[in-house]
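The lines below spell out each chain.
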Amino acid sequence: MSDKTPYYITTAISYPNGKPHIGHAYELIATDAMARFQRLDGRDVFFLTGTDEHGQKMQQTARKEGISPEELAERNSNEFRQMGKLLNASNDDFIRTTEPRHHEASQAIWNLMADAGDIYKDSYAGWYSVRDEAYYGEDETEVRADGVRYGPQGTPVEWVEESSYFFKLSEYQDRLLKLYEEQPDFIGPAERRNEIISFVKSGLRDLSISRTTFDWGVKVPNDPEHVMYVWVDALTNYLTATGLLTDRNAPLAKFWPADAHIIGKDIIRFHTVYWPAFLMSAGLPLPKRVFAHGFVLAKGGEKMSKSLGNVLDPFELIEHFGLDQIRYYLMREISFGQDGYCSEEGIGIRINADLANGIGNLASRSLSMIVKNCDGQIPQPGELTEEDKAMLTAADGLLAVCREEMGKQAIHKAVAAIIAVVSETDRYFAAQEPWALKKTDLERMGTVLYVTAEVVRQIAILLQPYMPASATKLLDLVAAPADSRNFAALGEAGRLVPGTVLEAPTPVFPRYVAPAASA
Ligand code: ME8
């Protein structure tokens, strides 16, 4: 049963203090695959991404580069937007937190929290990491051999002492624990949920939510000396895009609460502790799920960093291997929710094993046999054998498996299930030997080719979320009608129609040959 209800999914919004890297590309591709999946499954989808442009990190980077924060944000936000186009991301909106609509929305949520009696003015003295844009308790920091004090994510912290507004986070401890208990799917994957529960159980301090020592942010209502702590405004982006905070009847207000916030594991605390507390205070519904993916690591397992010179550039990888190849590799290779490695060698292996020798070869062998031996038309199948029926049943059963896995953000498992049916079809095709049947039993050959082409059709429909352009090419090869390419056309409902004319297939996935090492 497909469900026509609204579905709202978001990525984190990235800091445009530098150019996008493979981690940003990874998150956008994964979220795009989930958005496309829901659209193909008949949901009314709203998919949001964008850039998080305020805060001390942006201001400091701009100063180092000798430009204004506005210029830095403008330049790099455009890079993120370009990356989205290059990745074929299907986002419905791209939000920038410097936009007027976002300043208005952030002030509106602030006022709601203030009206609820949850904001008070005091002064803050404590440790702050500019790189994480996070406050840390003394017990979460340590002084290392280099004499520098570091926070729990390994970034340096500095002492901050200033007048500040506070949010009464300490009063939300019980309500948050009740949320995790009553809505066990609120945090995924499960390991992350346990981490957050123990963090909240250990006690919550009130949160400093404004700064006075710099001015690159959203002004606090009625106190323009203060700008909001960047995470207050950043998290609000998810609401800004719906228009809800400034107009309860806005056309996109129906999308709130979000179905899924897709973020990286380093920012889970902000999304599963601060964000629900802000929303509870503002009297707004909570997102249904926050899912934290792992980090993409360079070959040796190190975290990528400019100083190590191992930053994988998504633009270069796509130029070299092709877009859908990279999308496929990242979604298939890394278990979504865990850290994973990205290596050029691994990409080449996957391309050849799964794409060129897998689905690409299966489609081209079976369809070219149809074009040559069946008058260029989808053959009329004869009576189906047990093997034929088993093959069709495997293909018809994929939607249920993919729905189940994608519903849990187990993207890699959905992709693996599809590829397993490709392998099964390869075995079926080899065992049935349609090339031998050509000489002995033309009707039987037609049946085997029909079954194979029908499986290719269904696999192509199901691969669209992960490799949109290549899956479209596969659907063109089997002449699937334009209005029968969504999930409603899977299974019996959209079976290939005998007599449909096919063109000679062109290769969809060329083999990858590594360039010869230069002498
Ligand atoms: O955190 N692998 O922005 P950001 C996978 N502005 N994901 C990675 C990664 C890697 N190597 N490196 C970063 C921010 N990410 C805030 C978010 S949301 C209201 C505000 C992920 O540019 C990271 O976990 O540092 C985050 O989800 C996203 O990229 C943007 O990171």
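Residues numbered from 1 in each chain as written. Predicted model: local features only at pLDDT ≥ 70, side-chain atom pairs only at ≥ 80, totals over all residues. Heavy atoms only, no water.

**Q** Any details on the overall build of the chain? Residues and values, ideally.
**A** Scanning the chain from terminus to terminus reveals 17 helices and 17 strands. Taken over the C-alpha trace, the chain has a radius of gyration of 26 Å; the compact-globule value for 519 residues is 24 Å, and the two agree within 12%. For the C-alpha atoms alone, the extent of the chain along its principal axes is close to 90 × 60 × 40 Å. A burial count over the chain gives 58% of its 519 residues as buried. As displayed, the chain offers around 21800 Å² of accessible surface, 49% of which is attributable to carbon and sulfur atoms. (Helix = DSSP H or I, 4+ residues; strand = E, 2+ residues; numbered from the N terminus. Rg over C-alpha atoms; globule rule 2.2 N^0.38 Å. Buried < 20%, exposed > 50% of the residue type's maximum accessible area, 1.4 Å probe, protein only. Areas by Shrake-Rupley, 256 points an atom, 1.4 Å probe, with all protein chains shown as cover.)

**Q** Provide a residue-level description of the packing of helix α9 (residues 314-321) against helix α10 (residues 323-333), including the pertinent values.
**A** At a minimum axis separation of 7 Å, α9 and α10 run at an interaxial angle of 115 degrees. Regarding the angle of α9 to α10, the classification is roughly perpendicular. On α10, the residues touching L317, I318 and F321 of α9 are L323, Q325 and I326. The class makeup of the residues in the contact of α9 with α10 is 5 nonpolar, 1 polar and no charged. (Axes fitted to C-alpha atoms, helices over the stretch in contact; angles between N-to-C directions. Parallel < 35°, antiparallel > 145°, perpendicular 65-115°, else oblique. Contact = heavy atoms within 4.5 Å. Nonpolar A, V, L, I, M, F, W, Y, C, P; charged D, E, K, R; others polar.)

**Q** Just give me the short version of the site of the ligand, but keep the residues and values in it.
**A** Taken together, 24 residues are adjacent to the ligand, and I13, E27, D52, G264 and D266 come closest. In this structure, D266 approaches the ligand through a side-chain N or O atom, which is 2.5 Å from an oxygen atom. Broken down by element, the shell around the ligand gets its largest block of residues, 5 residues, from helix α7 (residues 230-240). Split by residue class, the shell around the ligand holds 12 nonpolar, 9 polar and 3 charged. (Near = heavy atom within 4 Å. Polar contact = N/O pair within 3.5 Å; in protein donor to acceptor, adjacent residues only side chain to side chain.)

**Q** Which residues make up the sheet that holds strand β13 (residues 223-228), and what values do they have?
**A** The strand order across the open sheet formed by 3 strands is β11-β13-β12, and the pairing between neighbours is antiparallel. Both edges of this open sheet fall to β11 (210-211) and β12 (219-220), since each of them pairs with a single strand only. In terms of strand pairing, β11 meets β13 through 2 bridges, oriented antiparallel. When the sheet's bridge partners are listed, S210 is paired in β13 with M228. (Pairing = 2+ DSSP bridges.)

**Q** With reference to specific residues and values, describe the domain arrangement of the chain.
**A** What the domain assignment reports for the chain is domain 1 (6-118 + 168-293), domain 2 (119-167) and domain 3 (353-501). With 37 residues of domain 1 in contact, the opposing surface of domain 2 contributes 24 residues. Between domain 1 and domain 2 lies a buried interface of about 2400 Å² when both sides are counted; carbon and sulfur atoms form 51% of it. If you sort the residues of domain 1 by the area they bury against domain 2, K57, S208 and R211 come out on top, with a joint share of 19%. Connecting domain 1 to domain 2 are 4 salt bridges. Salt-bridge contacts for E140 lead to R205; the nearest nitrogen and oxygen are separated by 4.0 Å. In this assembly, domain 1 and domain 2 are joined by 21 residue pairs in polar contact (both at pLDDT 80 or more). Elements supplying a minimum of two residues to the side of domain 1 that touches domain 2: α2 (56-65), α4 (100-115), β10 (207-208), β11, β13, α7 and α8 (268-282). Of all the elements, α8 adds the most residues to the side of domain 1 that touches domain 2, at 5 residues. Here the residues of the side of domain 1 that touches domain 2 are counted per class, giving 17 nonpolar, 11 polar and 9 charged. (Domains from an automatic or database assignment. Buried area = accessible area lost by both parts, 1.4 Å probe. Salt bridge = Lys/Arg side-chain N within 4 Å of Asp/Glu carboxyl O.)

**Q** So what's going on with the pairing of strand β15 (residues 290-293)? Which residues, and what values?
**A** Neither face of β15 is open: one carries V290 and A292, the other F291 and H293, and all of them are buried. Sheet topology places strand β9 (residues 187-188) next to β15; 2 bridges connect them, and they run parallel. Each bridged residue has a counterpart across the sheet, and for I187 the counterpart in β15 is V290. The pairing of strand β14 (residues 260-264) with β15 spans 4 bridges and is parallel. Within β15, the residue paired with I262 across the bridge is F291. Handedness of the β-α-β unit built from β14, α8 and β15 comes out right-handed. (Right-handed = clockwise from strand over helix to strand, strands pointing away.)

**Q** So what about the UniProt feature "short sequence motif: 'HIGH' region" (unreviewed entry) in the chain? Which residues, and what values?
**A** What UniProt calls "short sequence motif: 'HIGH' region" (unreviewed entry) maps, in this numbering, to residues 14-24. For the annotated span residues 14-24, helix accounts for 27% and strand for 0% of the residues, and the straight-line distance between the end C-alpha atoms is 7 Å. (UniProt positions renumbered as here; feature names shortened; annotations may be inferred.)

**Q** Give a detailed account of the side chain of H293, specifying residues and quantitative values.
**A** By the secondary structure assignment, H293 is in strand β15. Accessibility expressed as a relative area gives 4% for H293, which makes it buried. At 2.7 Å, the side chain of H293 forms a polar contact with the side chain of E27. The contact partners of H293, leaving out residues within four places of it in the chain, are Y26, E27, I262, I263, G264, K265, F336 and G337.

**Q** Account for the packing of aromatic side chains, with residues named and values stated.
**A** Summed over the entire model, instances satisfying the criterion amount to 25 aromatic pairs. Between W231 and F270, the ring centres sit 3.9 Å apart and the planes meet at 5 degrees, which makes this aromatic pair stacked. Residue W231 is located in helix α7, and its partner F270 is located in helix α8; the two are separated by 39 residues in the primary sequence. Given the relative accessible area of 6%, F270 is considered buried. Taken together, the ring pairs connect Y8, F46, Y238, F255, W256 and W275 into an aromatic cluster. In this arrangement the basic side chain of R269 is found over the ring face of F199, its NZ or CZ atom lying 3.8 Å from the centre. (Phe/Tyr/Trp six-rings, centres within 6.5 Å; stacked < 30°, edge-to-face > 60°. Lys NZ or Arg CZ within 6 Å of the ring centre and 35° of its normal.)

**Q** How would you summarise the packing of helix α13 (residues 398-407) against helix α14 (residues 411-432) if you had to cite specific residues and measurements?
**A** Where α13 contacts α14, the axes come no closer than 7 Å and their chain directions differ by 160 degrees. Classified by the interaxial angle, the pair formed by α13 and α14 is roughly antiparallel. The two elements α13 and α14 cross, and the hand of that crossing is right-handed. In contact with L398, V401, C402, E405 and M406 of α13, α14 contributes I411, K413, A414, A417, I418 and V421. Classifying every residue of the contact of α13 with α14 by side-chain character gives 9 nonpolar, no polar and 2 charged. (Left-handed = near helix turned anticlockwise from the far one by under 90°.)

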